[in-house]
Amino acid sequence: MPVIAVLPAVIIFILQLWAPNALAQLSVPFPASAYLALGLVLILSSFMRQWQWLYWLALLLSSYFTIQSGLQRPLSEPDVAALYNTLPVLLTLLMLILTLFPLPSILTWQGIALAIMIAALPPVLLVMPLADWSSALALSEALLIQPYDNLALNWGLLSLIFAVGSLWLLMGLYFRMSLIHWGEFATWMAMMNFVIFVHLPDASGWATLAATLSLLITLAWQMLHLAYMDELTGLPQRRALLSHLNRLGKRSAVTMLDVDHFKQFNDTYGHDVGDQVLKLLGSVLSKTKSCKAYRYGGEEFTLIFPHKDPERLEAELNEIRQQVADYPLVLRQNQRPEDDKAGKTRRGNSDGGKAIHITISLGCTAYQKGDDSDSLLKRADNALYAAKKAGRNRVKFA
Ligand SMILES: Nc1nc2c(ncn2[C@@H]2O[C@H](COP(=O)(O)OP(=O)(O)OP(=O)(O)O)[C@@H](O)[C@H]2O)c(=O)[nH]1
């Protein structure tokens, strides 16, 4: 549920809209608390080697500094209004660039230069003659209205926030936004709070704090993901399997499965194609409704069934086995196996590539009184060994 990264932005929005006094009464010390939270993100992202967040950190830090330096006077002053109109546009643009384009590692010279540029751009607005330009462009102050005491609405900026926000969200939902992209979206959303509630005390402090909390939530999710999920197949990995096995119900069954002749497959088509096969197998197994799939390690997977009915198990396991055997893996003919890259193995046969098939062997065992994770896995592994010995592409029970 990486979507919870947007919670800080939503909570701050609701509180600022309906209970601004309650927020003020919290008397959170700004700017110290915002800088402290940003420092926490710096420590955590460096510790986890998630360097891409340092670009976001640089941007948040410099935006907060810019707001603190240039937006602490009434919006009726032309240079303050001009900065208020420009900063959110620049911030949105920079955040979209950070999201959409592949970034160099921040530990390289290009990365350092990019981070410095990103951090320098918002403060540059402070020394630009923005007020002169906006009067020349006739960016009228009528755009800025204040329908409620605690709400300043700039229709131009609001339209921009609404358009960018809905497009970002729609594209994200369509392309199944990843954990990292939810964090990026949440950070942008949080920062836009200061645009809407600019008249409230500490609006920028709350926005920066919410954005930082979104980053911290995303980092915490990333940590969980790194600890429990297998990157290649997208399945939970051995640590998650062991924790499931430790709280296994008495009416359960465990299956070990393994790709047949996978060494030969790797030798023939290359390790990268082998990886793609494991990825596809992971995707087939993750869609199986009858059981929960884990990547045990290498080309071995484990399935946990919430029942131990032998006939049902046999039918369900054979269905999985058959599904994998029938799955066409298509290799493009115009590339040599050694040059295979991700995406070379795929479904369909549109460009006349060579279709290959893999098979799996499965060994299954039901929970028995006194079992622990070791004994269950050992028995399932023995059954798998028996399936291999009996000729592969079959199911055996222990
Ligand atoms: N591409 C790829 N290969 C892997 C991965 N993990 C393990 N392997 C390979 O899987 C192969 C396993 O080979 P073996 O255990 O000898 O068994 P096998 O060739 O599958 O033969 P049987 O299991 O007896 O049918 C080895 O060649 C490993 O290098 C991985 O993540 N990616």
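Residues numbered from 1 in each chain as written. Predicted model: local features only at pLDDT ≥ 70, side-chain atom pairs only at ≥ 80, totals over all residues.

1. Thoughts on the packing of helix H3 (residues 32-47) against helix H10 (residues 203-228)
The description of two helices packed together rests on the angle between their axes and the distance between the axes. Remark: H3 packs on H10, axes separated minimally by 9 Å, with the N-to-C direction vectors making an angle of 20 degrees. In this view, H3 runs roughly parallel relative to H10, as classed from their interaxial angle. At the point where H3 passes H10, the crossing takes the left-handed sense. Judged by residue contacts, Ser33, Ala34, Ala37, Leu38, Leu40, Val41, Leu44 and Ser45 of H3 engage Gly205, Thr208, Leu209, Thr212, Leu213, Leu215, Leu216 and Leu219 from H10. Class assignment for the residues of the contact of H3 with H10 results in 11 nonpolar, five polar and no charged. (Axes fitted to C-alpha atoms, helices over the stretch in contact; angles between N-to-C directions. Helix = DSSP H or I, 4+ residues; strand = E, 2+ residues; numbered from the N terminus. Parallel < 35°, antiparallel > 145°, perpendicular 65-115°, else oblique. Left-handed = near helix turned anticlockwise from the far one by under 90°. Contact = placed C-beta atoms within 7 Å. Nonpolar A, V, L, I, M, F, W, Y, C, P; charged D, E, K, R; others polar.)

2. Observations regarding helix H4 (residues 52-70)
Taking 1.5 Å per residue, 19 residues should reach 27 Å; H4 reaches 28 Å between its end C-alpha atoms and fits that length. By the criterion of burial, H4 is predominantly enclosed, with 14 of the 19 residues buried. (Expected span 1.5 Å × (residues − 1). Buried ≥ 20, exposed ≤ 12 C-beta atoms within 10 Å, placed from the backbone.)

3. Some thoughts on the UniProt feature "transmembrane region" (unreviewed entry) in the chain
Under the present numbering, the feature "transmembrane region" (unreviewed entry) in UniProt falls on residues 34-49, 54-71, 83-103, 112-131, 151-175, 182-200 and 206-229. For residues 112-131, helix accounts for 75% and strand for 0%, while the C-alpha atoms at its two ends are 32 Å apart. Between the first and last C-alpha atoms of residues 206-229 the distance is 33 Å; the span itself is 96% helix and 0% strand. (UniProt positions renumbered as here; feature names shortened; annotations may be inferred.)

4. Looking at the site of the ligand
In the neighbourhood of the ligand, 16 residues make up the surrounding shell, with Asp260, Phe262, Lys263, Gly274 and Gly298 lying closest. Listing elements by their share of the shell around the ligand, those giving two or more residues are strand S3 (253-259), helix H12 (262-269) and helix H13 (271-286). Counted by class, the shell around the ligand contains three nonpolar, six polar and seven charged residues. (Near = placed C-beta within 6 Å.)

5. A closer look at the packing of H4 against helix H6 (residues 109-124)
Following both chains from N to C, one finds H4 and H6 inclined at 20 degrees, their axes separated by 8 Å at the closest point. Compared by their axis directions, H4 and H6 come out roughly parallel. You can see that H4 and H6 cross each other, and the crossing is right-handed. Contact with H4, carried on its side by Leu54, Tyr55, Ala58, Leu59, Leu61, Ser62, Ser63, Phe65 and Thr66, involves Ala115, Ile118, Ala119, Pro122 and Pro123 of H6 and no other residues of that element. Class assignment of the residues belonging to the contact of H4 with H6 gives a composition of 11 nonpolar, three polar and no charged.

6. Topic: unusual backbone geometry
Note the cis peptide between Phe30 and Pro31, where omega equals 0 degrees. Structurally, Pro31 is set in the loop between helix H2 (20-25) and H3. Of note, Arg176 is a non-glycine position whose phi angle comes to about 50 degrees, a positive value. With respect to the secondary-structure elements, Arg176 resides in the loop between helix H8 (155-174) and helix H9 (179-196). Unlike most non-glycine residues, Asp202 shows phi in positive territory, near 60 degrees. Residue classification places Asp202 among the buried residues on the basis of 22 C-beta atoms within 10 Å.

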